Amino acid sequence: MKKKLRILVVFFVAIPLLVACSSAKEKTSKKKGDSYTIVNTRPWAGEGYKKGFVENSIKDSKIKINWDTYLYSDWGDKKAVVLSGGELPDAFWGGSLVDSDLAQNSEAFISLDEYITPEIMPNLSKALAEDEKLKAVATSADGKIYSLPARVPGRSVVGNQLFINHKWLDNLGLDMPKTYQELEDVLREFKNKDADGDGDSENEIPLSGIIYRMFLPWGLAETTSTIKYMSWDDKKVVYSPVTENYKVAIEHLAKLYKEGILDQEFFTQDNTILGAKKMDASQIGVTDGWVPGPYGTEEGEYVALPAIESPDGNAYVIQDVDDYIRNQFFVTTACKEPKKLLSWIDKFYTDDASVQNFFGSFGIGTTKNDDGTYQLLKPKDPATVQDENSWHISFRDYGPKYVGDNFNEKIHMLDDDGDGFKLKITKDLEPFAKPIYPSLAFTTEEQVRLSSLNTDIQSFVEEKMGEWVTNGGVDDEWDSYLAQLDKMGLEEFLTIQQDAMDRYFEK
Ligand SMILES: [Ca+2]
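Residues numbered from 1 in each chain as written. Predicted model: local features only at pLDDT ≥ 70, side-chain atom pairs only at ≥ 80, totals over all residues.

Named according to an unreviewed UniProt entry, the protein chain is Extracellular solute-binding protein originating from Enterococcus phoeniculicola ATCC BAA-412.

As structure tokens, then:
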């Protein structure tokens, strides 16, 4: 990058000699340099995401962007080198860095507060003034903003959810379960009978997937927190694995395991093995996921399981998505003129831009109607689903964007495809969704300490989780388990997070 800057300087010095009549204003802007390098990470190769809004807005802003792009599969190895290699880029796009990167390299990044003004960033300033959650998500523990936030359009309230094999229900003449007891009875039938009808009553796996998502009936839902198993109640942090509900849940899951209802490989299989099982609809009765589609060729056998009434009378659903996302744009100390860069970035914070950068630009992935609503376009390749296509033709989950409340009402989705389909299959679950665990910001010291405490605590909790579900013993060992967690610093672990949550709600 330094080399490129030097070439630019030489070039601009020569310009006035040749173009004597160029305006003073233009010269000033060019002298300061208007070329920026941005590190960006992508799931796949391809440049489709730049077409339309991105290219046009760059042109309109009279700047040049050099995208330093890495595939997700390579970025893990390259990140440390890019952050410490001496030649920093001007900025990092969303998806490339997380809180701990900022904490460990804080000297590499500038605070953006002085640029978030109605003059330089009118759209973002307005959004931050109107939306307290956006501000809380963006603000660091020291009260400053080091990375820009986003609120994405088109997001369902419920993310991952449970699916049931309705062909198995039909084969055995069973009704869709509505309570946890009915679900358990259905799973037991799946286990004891030839649910898939292949003549073998021993080859069904009634329940498999990600273990923590099976804790739902006890109100222990997975959250988006970077620390696993965190929950909260009335602004107080709760570590689920030390609650009474968790203990009861473990006892029930141990019972299901012993009966062969819970996948016997639950704790030993990796994602590849689990993924292969999910691809074969003849193997699993109930499992989790984003949509039933990825379960392979027999897609259509699975339908969304309704919110199941738990023994306590409530129904719970998985809560693992948030439409508010932090860390979507970082500016480094290498950036010579952040003002111009950020004034371009501000263009991403309008409704039109947010739609285009999540679903694809107008004429490519979307159109804007005269009444102010938006229409999603079918992918050119009919074999591609819309949400996957959107990842190809937009920044999708990453990068600056913002829409207000109830914005989804303005988007005409494709009913049976991608995001439209997801919204359809989560609609009945929405009333049961609880507010998502807040995206907490930690100081550098807190972040380091928390990571260190969590390493021991999480590995101990998961070791015991697997042991108790497969071999039993949770009741006998519960007290010594709690004592061990105390020794591992559970109190400090919770205090750090409570302090962050208190700060979050003060903002
Ligand atoms: Ca069978």
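This part covers the overall build of the protein chain. Scanning the protein chain for helices and strands turns up 18 helices and 16 strands. Taking 2.2 N^0.38 as the reference for a compact globule, 507 residues should give roughly 23 Å; the C-alpha atoms of the protein chain span a radius of gyration of 26 Å, in line with that estimate. When its C-alpha atoms are laid out on the principal axes, the protein chain stretches across 90 × 55 × 40 Å. When burial is assessed residue by residue, the protein chain has 39% of its 507 residues classed as buried. Expressed as a percentage of contacts within the protein chain between residues at least 6 apart in sequence, the contacts between residues at least 24 apart total 79%. (Helix = DSSP H or I, 4+ residues; strand = E, 2+ residues; numbered from the N terminus. Rg over C-alpha atoms; globule rule 2.2 N^0.38 Å. Buried ≥ 20, exposed ≤ 12 C-beta atoms within 10 Å, placed from the backbone. Contact = placed C-beta atoms within 7 Å.)

This part covers the domain arrangement of the protein chain. Domain annotation for the protein chain reports domain 1 (34-155 + 324-412) and domain 2 (161-320 + 442-506). The C-alpha-based centres of domain 1 and domain 2 are spaced at 33 Å. On the domain 2 side, the residues contacting the 8 residues of domain 1 number 12 residues. The leading source of residues in the side of domain 1 that touches domain 2 is helix H5 (residues 99-104), at 3 residues. (Domains from an automatic or database assignment.)

A few words now on the pairing of strand E2 (residues 64-71). Across 8 bridges, strand E1 (residues 35-42) lies against E2 in parallel orientation. Bridging from a neighbouring strand, Ile38 pairs with Trp67 of E2. Following the chain from E1 across helix H3 (residues 53-60) to the adjacent parallel E2, one finds a crossover that is right-handed. (Pairing = 2+ DSSP bridges. Right-handed = clockwise from strand over helix to strand, strands pointing away.)

So, on to the sheet that holds strand E9 (residues 284-289). Within the open sheet, the 4 strands sit side by side as E6-E9-E5-E10. Their pairing is mixed. Edge positions in the sheet fall to strand E6 (205-207) and strand E10 (302-304), since each of these pairs with one other strand and no more. Here the average twist between neighbouring strands, direction ignored, is 35°. As defined by bridge partners, E6 adjoins E9 across 2 bridges and the pair is classed as parallel. In the strand pairing of E9, Leu207 is matched with Val286. (Axes fitted to C-alpha atoms, helices over the stretch in contact; angles between N-to-C directions.)

Turning our attention to the sheet that holds strand E15 (residues 401-402). The 3 strands are arranged E11-E4-E15 in an open sheet whose pairing can be described as mixed. Two strands in the sheet have a free side with no partner beyond their single neighbour: strand E11 (324-325) and E15. Pairing analysis gives 2 bridges linking strand E4 (residues 150-151) to E11, with the strands arranged antiparallel. Bridge pairing in E11 places Ala150 opposite Ile325.

The next point concerns helix H14 (residues 386-393). Of all 8 residues in H14, 7 are buried, a share of seventy percent or more. By the burial criterion, the buried members of H14 are Gln386, Asp387, Asn389, Ser390, Trp391, His392 and Ile393. Those residues of H14 that are buried lie in contact with helix H13 (351-359), strand E14 (374-376) and helix H15 (418-426).

This part covers the environment of Met176. Tracing the chain through its elements places Met176 in the loop between helix H8 (166-172) and helix H9 (180-192). When the 13 C-beta atoms within 10 Å are taken as the criterion, Met176 is described as partly exposed. Measuring from C-alpha to C-alpha, the distance between Met176 and Val385 comes to 28 Å, with 209 residues separating the pair along the chain.

With that settled, consider the pairing of strand E8 (residues 236-239). When strand E7 (residues 230-233) meets E8, the two strands line up antiparallel, connected through 4 bridges. Its bridge partner being in E8, Asp233 is matched across the sheet by Lys236.

Take the environment of Met279 next. Of note, Met279 is situated in helix H11 (residues 271-279). The partly exposed category is assigned to Met279, around which 15 C-beta atoms lie within 10 Å. Through-space distance from the C-alpha of Met279 to that of Pro292 is 9.8 Å; in sequence the pair is 13 residues apart.

Turning next to the nonpolar core. Counting 55 residues, the largest nonpolar core has Ile250 and Leu253 as its most contacted members. With sequence-adjacent residues up to four places away left out, Ile250 is seen in contact with Met465, Trp468, Val469 and Val474. Counting 52 residues, the second largest nonpolar core, distinct from the first, contains Trp93, Phe109, Met121 and Leu342. (Core = buried A, V, L, I, M, F, W, Y, C linked by C-beta atoms within 7 Å.)

Turning next to helix H17 (residues 474-487). The end-to-end C-alpha distance of H17 is 19 Å, a good match for the 20 Å that 14 residues give at a rise of 1.5 Å each. Along H17, the sharpest kink reaches roughly 30°, centred on Ser480. Within two residues after H17, Gly489 carries a phi angle of roughly 95°, on the positive side. (Expected span 1.5 Å × (residues − 1). Bend = angle between axes of the 7 residues up to and from the residue.)

Close reading of the predicted structure is inappropriate where its pLDDT is low. On average, residues of the protein chain carry a pLDDT of 89, and 92% of them reach 70 or more. Note on residues 1-32: pLDDT is under 50 here. Beyond four places in sequence and across chains, it has 15 contacts. (pLDDT = per-residue confidence, 0-100.)

It is worth spelling out the packing of helix H16 (residues 444-471) against helix H18 (residues 490-506) at this point. At a minimum axis separation of 10 Å, H16 and H18 run at an interaxial angle of 140°. As judged from the angle between their axes, H16 and H18 are oblique. In the packing of H16 onto H18, the handedness of the crossing is left-handed. The segment H16 lies against H18, with Glu446, Arg449, Leu450, Leu453, Asn454 and Ile457 engaging Leu490, Glu492, Phe493, Ile496 and Ala500. For the contact of H16 with H18, a count of residues per class yields 7 nonpolar, 1 polar and 3 charged. (Parallel < 35°, antiparallel > 145°, perpendicular 65-115°, else oblique. Left-handed = near helix turned anticlockwise from the far one by under 90°. Nonpolar A, V, L, I, M, F, W, Y, C, P; charged D, E, K, R; others polar.)

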